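For reference, the chains in residue letters:
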2 protein chains.
Amino acid sequence: MSNQPTPLPVVDLAADAPCCPPLAQRRVPAETAAVLAPAFKALGDPVRLQLMSMIASAEGGEACVCDLTPAFDLTGPTISHHLKTLREAGLVDAERRGTWVYYRARPAILRQLAALLTVEPAPGA
Amino acid sequence: MSNQPTPLPVVDLAADAPCCPPLAQRRVPAETAAVLAPAFKALGDPVRLQLMSMIASAEGGEACVCDLTPAFDLTGPTISHHLKTLREAGLVDAERRGTWVYYRARPAILRQLAALLTVEPAPGA
DNA sequence: TCTCTGCTTAGACGGACGTCAAGACAGGCT
DNA sequence: AGCCTGTCTTGACGTCCGTCTAAGCAGAGA
């Protein structure tokens, strides 16, 4: 398990989906929904949303688990579980360097999700 | 219960949150995460994601339940349940006109979610 | 090699979720 | 009024989710 650079069979969302048009422009097909819904689901937890933000906004683009864990009133395994969820959703990437494990965001899928939610600039107000 | 124009005590997300900066720019505070995570969670189901898209992309900005239900291999109550979830997440608004019930999207919160997921245009490729 | 620290995995438990069948309510038509 | 159509609510059931404790694995240092 340790001889591969990417230890998990993470779904490669960013490369698979055809970089969908806005949700409000044309109806999202079932296949696209099935692929992207898990990403939204992964962001649908307050802890994971904060984790995602901490990772994406970290200096150097990566955050150490040792910095993430003490920011919550949760046990280490619970944080690890949430990080695994983000990993399996294709939102983050993990890399072990020496003692510590670093997580970094995948901007491509974030862009994809943002594009999907894009709507016309102003309603009228 | 039937003497009010808005039958449900829907959370007014769009008006409450301070229209947050991008997730990758500064760390999302716990309160913001607690408010916005349910919206992502509501979109974290393939059926609801398609429903949201069908409503948001409908002509006139609104869609009838009678048009939404036959698009899925699910029973009416199940679709109704999903629509209720979207309603309670503040993503859509419902209005009864005669026999049919029409749903319309709330662009404000969609914009808010899209803004939160916004990242720098291109990484380098 | 031994031990210590950091992170993940395994197993368990309570609660929430997705689905359905059956019943209730609202509005239109005869 | 009475019926019919369309939608929502209720109650139930099986599954998944979030959390914990306990145990396992990987690296670093003595």
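Residues numbered from 1 in each chain as written. Chains lettered and ligands numbered in written order. Predicted model: local features only at pLDDT ≥ 70, side-chain atom pairs only at ≥ 80, totals over all residues. Heavy atoms only, no water.

(A) Region of interest: the packing of helix α2 (residues 30–43) of chain A against helix α3 (residues 46–56) of chain B. Between α2 of chain A and α3 of chain B, whose axes approach to 8 Å, the crossing angle comes to 115°. It follows from the interaxial angle that α2 of chain A and α3 of chain B lie roughly perpendicular. Crossing of α2 of chain A over α3 of chain B shows right-handed handedness. Contact residues: Ala30, Ala33, Ala34, Leu36, Ala37 and Phe40 of chain A in α2 of chain A; Pro46, Leu49 and Gln50 of chain B in α3 of chain B. Residue classes in the contact of α2 of chain A with α3 of chain B are distributed as 8 nonpolar, 1 polar and no charged. (Axes fitted to C-alpha atoms, helices over the stretch in contact; angles between N-to-C directions. Helix = DSSP H or I, 4+ residues; strand = E, 2+ residues; numbered from the N terminus. Parallel < 35°, antiparallel > 145°, perpendicular 65-115°, else oblique. Left-handed = near helix turned anticlockwise from the far one by under 90°. Contact = heavy atoms within 4.5 Å. Nonpolar A, V, L, I, M, F, W, Y, C, P; charged D, E, K, R; others polar.)

(B) Examining the protein's contact with DNA strand D more closely. The immediate surroundings of DNA strand D are formed by 21 residues, with Arg48, Thr78 and His82 of chain A together with Trp100 and Tyr103 of chain B found nearest. Separating a phosphate oxygen of DNA strand D from a side-chain N or O atom of Asp45 of chain A is a distance of 3.5 Å. In this structure, Trp100 of chain B approaches DNA strand D through a side-chain N or O atom, which is 3.4 Å from a sugar or linking oxygen. Elements supplying a minimum of two residues to the surface near DNA strand D: α5 (76–88) of chain A together with α4 (65–68), α5 (76–88) and β3 (100–105) of chain B. Counting residues per element, the surface near DNA strand D draws most heavily on α5 of chain A, which supplies 4 residues. Here the surface near DNA strand D is composed, by residue class, of 9 nonpolar, 8 polar and 4 charged. (Near = heavy atom within 4 Å. Polar contact = N/O pair within 3.5 Å; in protein donor to acceptor, adjacent residues only side chain to side chain.)

(C) Structural view of the protein's contact with DNA strand C. Around DNA strand C sit 25 residues in total, of which Ser80 and Tyr103 of chain A together with Thr78, His81 and His82 of chain B are the nearest. Backbone atoms, meaning sugar plus phosphate, form 78% of the atoms of DNA strand C positioned within 4 Å of the protein. Between DNA strand C and the protein, one listed contact pairs a phosphate oxygen with a side-chain N or O atom of Thr78 of chain B at 2.8 Å. Looking at the surface near DNA strand C, the elements that each hand over two or more residues are α4 (65–68), α5 and β3 (100–105) of chain A together with α5 of chain B. Here the residues of the surface near DNA strand C are counted per class, giving 9 nonpolar, 10 polar and 6 charged.

(D) Representation of the interface of chain B and chain A within the structure. Taken together, the contact pairs 39 residues of chain B with 39 residues of chain A. Together, the buried faces of chain B and chain A total about 3,000 Å²; carbon and sulfur atoms form 70% of this surface. Run the count over chain B and chain A and you get 0 salt bridges. For the interface between chain B and chain A, the tally reads 6 residue pairs in polar contact (both at pLDDT 80 or more). Broken down by secondary-structure element, the contributors of at least two residues to the side of chain B that touches chain A are α2 (30–43), α3 and α6 (107–117) of chain B. In terms of residues, the side of chain B that touches chain A owes the most to one element, α2 of chain B, which gives 8 residues. Its residues assigned to classes, the side of chain B that touches chain A shows 27 nonpolar, 6 polar and 6 charged. (Buried area = accessible area lost by both parts, 1.4 Å probe. Salt bridge = Lys/Arg side-chain N within 4 Å of Asp/Glu carboxyl O.)

(E) Just the sheet that holds β3 of chain A, in detail. Residues and elements named next belong to chain A. The sheet built from 3 strands is open, its strands ordered β1-β3-β2 with antiparallel pairing. At either end of the open sheet lies a strand with only one pairing partner, and these are β1 (62–64) and β2 (92–97). Along the sheet, successive strands turn relative to each other by an average axial angle of 30°, direction set aside. When β2 meets β3, the two strands line up antiparallel, connected through 6 bridges. Its bridge partner lying in β3, Glu95 is registered against Tyr102. Contacting β1, β2 and β3, helix α3 (residues 46–56) crosses the sheet at an angle of about 90° to β3. (Pairing = 2+ DSSP bridges.)

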